[in-house]
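Listed here are the chains, written in short residue letters.
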Amino acid sequence: MNSPFDEMHAAGNAVREHYKDYAQWLARQPADLMRDRRNEAELIFRRVGITFAVYGDKDAGEGTERLIPFDQIPRVIPSHEWRDLEKGLAQRVIALNRFIHDVYHDQEILKAGIVPRDQVINNAQFRPEMVGVHVPGDVYSHIAGVDIVRAGNADGTGSYYVLEDNLRVPSGVSYMLENRKMMMRLFPELFSLHAVAPVAHYPDLLLETLRSVAPGGSNDPTVVVLTPGMYNSAYFEHAFLAQQMGVELVEGQDLFVKDDFCYMRTTQGPKRVDVIYRRLDDDFMDPEVFRKDSTLGCAGLLRAYKAGNVTLSNAIGTGVGDDKSIYPYVPKMIEFYLGEKPILNNVPTYQCRDPKELSYVLANLAELVVKEVHGAGGYGMLVGPAATKAEVEAFRQVLVANPGNYIAQPTLSLSTCPTYVESGVAPRHIDLRPYVLSGKEVQMVPGGLTRVALKEGSLVVNSSQGGGTKDTWVLEASPQHQVPPPSASQSQSQSST
Amino acid sequence: MLSRTADHLFWMSRYMERAENTARMLDVNYQTALLPQSDAVAELGWRGLLAISELTGDYLKRYGEIKPARLMEFMVADEENPSSIVSCLRAARENARAVRGTLTTEVWETTNQTWLEFNKLLASGELKRDPANVFEWVKFRSHLSRGVVVGTMLQDEAFHFVRIGSFLERADNTARMLDVKFHDVESDFYGQADDRDNEYEFYHWSAILRSVSGFEVYRKVYRNVIQPEKVAELLILRADMPRSLAHCMNRMSSNLRSVANTNSGDTLRRAGRLEADLRYGRIDEILSTGLHAYLTQFLANVGELGAGISKDFLVTQ
């Protein structure tokens, strides 16, 4: 296994260059100040109602809404690292959009034998309804949330890896925005010490992206956000994004389709809808085509969509691109469609559907992470090194019974970042989810959402599994320009005036 | 705006207004109960309160006999009573949460905080220790909600539906309260002449006035002793009295006109007629047809108006 990588500290506990100012500042803070600030943050989050609901939680009322723990020590990314990440993310998402378009049209990548046909066509996320359907700009995943981790190498350096491409309805961006607001409120002085790249324009970029993929002919398109409703775990985010973009937040019952056009019911009568940013899975979108029992979507929506009268964002059927069984082929896709070398690393992946790879996985189960192909949210997975013998054996039964449903990866030693916990400041494992927007062009705000596993040693960062979040700072200038000169000239000149 | 959004806004403000009016009535009953009076008279007051909210049956089924402490628990903190203050504040907050994007941050945070803090207040045992303080707190949170709406919201459709909800609910509550209180007084005190009853009568009428913050207003307007027909006039016909029926209908009509659509003609006509009746009405005419009959008709009209608003704007096809 590789050696662990800490974002703030290099070997020998030396503070990394881009964390120097922060570490100095932190060392000056009295312990109770950090505690007070944490309590303050919790109070504000509760009052503002920045909450999420936990599934499987039966109690009604206040109990179903939880706060996602917010950690006040930021995750800092130096600008040169972000530049590489940004290029790699754009490259990856462009290739994935090309792939989704390809599998629903000419299927050239299948003909070329680069991705096995049966793995695409028989994939539960492949939507035959989308074959031959034109979508504006050939863009399918307008909003992608790509999960990235950093793992330590033997020589003490770290490398970024893409863990998952979330191309369906990735969530969490509201926390990225609220975390920044909270940090600026709690520690304004830190922002004068650092040139932190702003993220607050994300809703503007999102709106621009959504407007740019409106059906042809509407020059002032009506954009709406479609939510399953206020009891959905991410309802806060749906409401937040609608408000920030200044568009309506609709539920399925607010929409109807007539003559293949989509309308919303308003106090002034029906109003045409052009773009739907839907925060709802494909299955629930249209009871005429998908799940008949869904009351969350709108009957006839797919007809309107296929007629080109309304844009769904993300498109129907994007899941075929972010499925974990497709993931291993992404580097090849990049080469196939773009003729470029992949900038971002993929994690080596064993496909349990392949008998040879399965036998390797079964022999090394205690060392591997095993995930459900369609799983999300940290449910239904095994983290071998963290599991008990009994858990590993129980999972083995499940895996053998349905190997095609699983992939396995070596357990990456996710990088750690100092985190404020009960016992003080201690390292905890983190990941990073940047949000990549694809409309007329590919855009993103610097950074993304950093999630942190608050339990010591835990590698599961999902909020539904007790993870927290951190503000993510991309420093604008290179760190050398940030750090004050070694002599204390600055503070001397201040004290002499 | 979305019909569903308008519906949530309408109900958000209705529930907040209802919580306030319930607190007002409880407060006055509680204060009146501190006066020396027979148990029968005291019970009459509490019964009236249940009758106003059409909850007599529910209460008796759950709690048996009328006991002030139980009744206050039922009307304030009982989550199974959909009209209790705690249920109203929760409903107001749930409706606000459903449309939080349409509200200003201050409106949402005020509503959310009211709900969170009211639960803390109840958990602290304040209702047993000092009920008047709980009622006062609810009234002031309602003042705050209203102030934050008027002081921060853009005066667009959303604002008008919030206001329509408030005034419809308030008109309904004031009419119910008048109806029940007059009924009590007429059956038990009216026409009696001994001094003790006169004294009760004074407290009874001043209680009605106080429950709508109208005691000082009455003195200022009439500069006279408390007389039942003048109390009725103040609460029904005086358009400058903010909790009167005339005022509510007046504000209601003007807010409705601002959101009118192609289907709402009949609803606007109903609202205009109710408003005109109150504007040109005379208290002696109303009393001669019988106050109870008049108020019953008024409540039916308000009910129909609410149904019309719902059909035209809130649950459209």
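Residues numbered from 1 in each chain as written. Chains lettered and ligands numbered in written order. Predicted model: local features only at pLDDT ≥ 70, side-chain atom pairs only at ≥ 80, totals over all residues.

Next up on the list: the overall build of chain B. The helix and strand tally for chain B stands at 16 helices and zero strands. The C-alpha atoms of chain B give 20 Å as radius of gyration, which agrees with the globular expectation for 317 residues (20 Å, within 12%). A separation of at least 24 residues holds for 70% of the contacts in chain B among residues at least 6 apart in sequence. (Helix = DSSP H or I, 4+ residues; strand = E, 2+ residues; numbered from the N terminus. Rg over C-alpha atoms; globule rule 2.2 N^0.38 Å. Contact = placed C-beta atoms within 7 Å.)

On to the sheet that holds strand E9 (residues 261–266) of chain A, then. Residues and elements named next belong to chain A. Taken together, the three strands give an open sheet; going across it, the order is E8-E9-E10, and neighbouring strands pair in antiparallel fashion. The open sheet is flanked by strand E8 (255–258) and strand E10 (269–272), the only strands paired with a single partner. Between one strand axis and the next, the sheet turns through 40° on average, direction left out of account. Where E8 meets E9, four bridges bridge the pair, whose relative direction is antiparallel. Directly across from Lys258, in E9, lies its bridge partner Phe261. (Pairing = 2+ DSSP bridges. Axes fitted to C-alpha atoms, helices over the stretch in contact; angles between N-to-C directions.)

What follows covers the environment of Gly269 of chain A. Along the chain, Gly269 of chain A falls in strand E10. Separated by 16 residues in sequence, Gly269 of chain A and Gln253 of chain A have C-alpha atoms that sit 15 Å apart.

All names here are of chain A. With 91% of its residues at a pLDDT of 70 or more, chain A shows a mean pLDDT of 88. Looking at the elements of chain A, mean pLDDT is at its lowest for helix H16 (residues 489–496), recorded as 41, and at its highest for strand E20 (residues 435–438), recorded as 98. Of the regions scoring below 50 in pLDDT, residues 54–63 engages in nine contacts with residues more than four places distant in sequence or in other chains. Low pLDDT (under 50) marks residues 479–497, which in the prediction has eleven contacts with non-local residues, meaning those over four places away or in another chain. (pLDDT = per-residue confidence, 0-100.)

Counting from both sides, the interface comprises 20 residues of chain A and, opposite them, 20 residues of chain B. Listed by contribution, the elements that provide at least two residues to the side of chain A that touches chain B are helix H2 (31–48), helix H9 (235–245), strand E7 (248–250) and E9 of chain A. Among the residues making up the side of chain A that touches chain B, the classes are represented as seven nonpolar, eight polar and five charged. (Nonpolar A, V, L, I, M, F, W, Y, C, P; charged D, E, K, R; others polar.)

All names here are of chain A. Across the sheet, which stays open at both edges, the four strands sit in the order E14-E17-E15-E16 with antiparallel pairing between neighbours. The outermost strands of the open sheet, each flanked by one partner alone, are strand E14 (350–351) and strand E16 (382–383). Bridge count between strand E15 (residues 368–372) and E16: two bridges; the pairing is antiparallel. Across the sheet, the residue bridging to Val370 is Leu382, located in E16.

The subject of this paragraph is the nonpolar core. Val224 of chain A together with Ala19, Ile85, Ala92 and Leu245 of chain B are the most contacted members of the largest nonpolar core, which has 196 residues in total. Filtering out sequence-adjacent residues up to four positions away, Ile85 of chain B remains in contact with Ala19, Thr22, Ala23, Met75, Val76 and Val138 of chain B. (Core = buried A, V, L, I, M, F, W, Y, C linked by C-beta atoms within 7 Å. Buried ≥ 20, exposed ≤ 12 C-beta atoms within 10 Å, placed from the backbone.)

Looking now at the packing of helix H1 (residues 3–33) of chain B against helix H5 (residues 85–98) of chain B. Residue and element names in this part refer to chain B. Relative to each other, H1 and H5 sit at 160°, their axes nearing to 8 Å. Of the possible angle classes, the one that applies to H1 and H5 is roughly antiparallel. As for how H1 packs across H5, the hand of that crossing is left-handed. Where H1 approaches H5, its residues His8, Trp11, Met12, Tyr15, Met16, Arg18, Ala19, Thr22 and Ala23 are matched on the opposing element by Ile85, Cys88, Leu89, Ala91, Ala92, Asn95, Ala96 and Ala98. Looking at the contact of H1 with H5, its residues break down into 13 nonpolar, three polar and one charged. (Parallel < 35°, antiparallel > 145°, perpendicular 65-115°, else oblique. Left-handed = near helix turned anticlockwise from the far one by under 90°.)

Glycine aside, residues mostly have negative phi angles, and peptide bonds mostly take the trans form. All names here are of chain A. The amide bond that connects Ser313 to the next residue, Asn314, takes the cis arrangement and shows omega of -5°. In this structure, Asn314 sits in the loop between strand E12 (311–313) and helix H11 (319–322). Phi at Asp259 is positive, roughly 50°, even though this residue is not glycine. On the secondary structure map, Asp259 appears in the loop between E8 and E9. The exposure class assigned to Asp259 is exposed, which follows from the 10 C-beta atoms found within 10 Å.

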